[in-house]
Amino acid sequence: MERVSPVEPHAHLRRVPVQQRSADRLARILDACAELLDECGYEELTTRAVAERAGVPIGSVHRFFGNKRALVDALALRNLDAYAERITGRLGGVRPGDWRGALDVVLDEYLAMKRTVAGFALVDFGVQIPVGAPPDGANHQVADLLLELLSGHLRRAADPGLRRVMLVSVETADALLQLAFRVSPTGDEGVIRETRELLRAYLARILD
């Protein structure tokens with residue numbers, strides 16, 4: 001399976017790490033940010049607290065990030081790249097042209113990240129501040145990512161029509177899965193099941 005082009009991981013960095021030691025330090029900073037988002041939320045998050053949790057000087061955080069919003073934006077991009085990795089890793093086991101199997105991979109990996117990845121419940125693929133606010137452009141990024149990942153697998157041209165289908169699917173899934181996790185902290189299985197069926201019915205009209 002060809003590796004999908006990653007999202008730009010350094011878009012929100014003041015300085016791009018060159019040495020492995022700096023890259024490792026950046027990873028610790030983002031890990032600490034994710035943990036603290038789960039513990040205290042965005043409003044109480046501070047760059048000083050992130051530095052303390054990561055075990056680095058506060059200057060190291062500021063060397064990479066101008067403020068906490070840039071830090072959280074970078075975490076969102078890392079989440080998106082991790083999502084691409086997870087989907088790519090599983091698509092090899094799905095028969096080419098099997099869009100239902102591909103849909104299950106896309107939904108299942110999102111749900112797995114939602115339930116297990118630190119900070120993901122709040123940040124997702126775009127900063128949802130205040131909580132629940134639609135992240136600017138994040139769903140367009142996800143749609144473009146899925147278009148790149150799935151068009152070849154589905155044996156469909158990555159044209160504007162398929163991109164529109166991906167965007168409608170992503171926006172629909174985003175709204176309904178937000179509902180599922182408002183109903184239950186682990187995601188209401190009934191709402192998730194209905195989301196899957198709704199997407200299958202919509203995509204069958206186009207992809208069958």
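Here is what the cut-offs are and how they apply
- Residues numbered from 1 in each chain as written.
- Predicted model: local features only at pLDDT ≥ 70, side-chain atom pairs only at ≥ 80, totals over all residues.
- Heavy atoms only, no water.
- Core = buried A, V, L, I, M, F, W, Y, C linked by side-chain atoms within 4.5 Å.
- Buried < 20%, exposed > 50% of the residue type's maximum accessible area, 1.4 Å probe, protein only.
- Helix = DSSP H or I, 4+ residues; strand = E, 2+ residues; numbered from the N terminus.
- Contact = heavy atoms within 4.5 Å.
- Lys, Arg positive; Asp, Glu negative; His and termini not counted.
- Salt bridge = Lys/Arg side-chain N within 4 Å of Asp/Glu carboxyl O.

Draft legend 1. Representation of the nonpolar core. Within the largest apolar cluster, 40 residues are counted, with the highest numbers of intra-cluster contacts made by Tyr83, Ile87, Phe125, Leu146, Leu150, Met166 and Leu203. Of all the secondary-structure elements, those providing two or more residues to this core are helix 4 (68-91), helix 5 (99-116), helix 7 (138-154), helix 8 (160-183) and helix 9 (189-207). Residues within four places of Leu146 in sequence aside, it is in contact with Ile87, Val106, Ser151, Met166 and Val170. In terms of nonpolar packing, the next biggest core, distinct from the first, is built from 25 residues, Ala32, Leu36, Val56 and Val72 among them.

Draft legend 2. Spotlight on the side chain of Asp124. Relative to the elements of secondary structure, Asp124 occurs in the loop between helix 6 (120-123) and helix 7. No salt bridge forms around the buried Asp124; measuring N to O, its nearest opposite-charge neighbour Lys114 is 4.2 Å away. Not counting residues within four places of it along the chain, the set of residues in contact with Asp124 comprises Ala76, Asn79, Tyr110, Lys114 and Gly119.

Draft legend 3. Examining the pattern of salt bridges more closely. This structure, assessed with the given rule, holds 13 salt bridges. Note that Asp208 and Arg100 form a salt bridge whose closest N and O atoms lie 2.8 Å from each other. In this pair, Asp208 sits in the segment after helix 9 while Arg100 sits in helix 5, placing the two residues 108 residues apart along the sequence. The salt bridge involving Asp144 is made with Arg163; its shortest N-O contact spans 2.7 Å. With a gap of 19 residues between them, Asp144 in helix 7 and Arg163 in helix 8 connect regions that are remote in the sequence. Arg163 gets classed as partly exposed once you look at its relative accessible area, which sits at 22%. Where salt bridges share partners, they join Asp104, Asp108, Arg196, Glu197 and Arg200 into one cluster.

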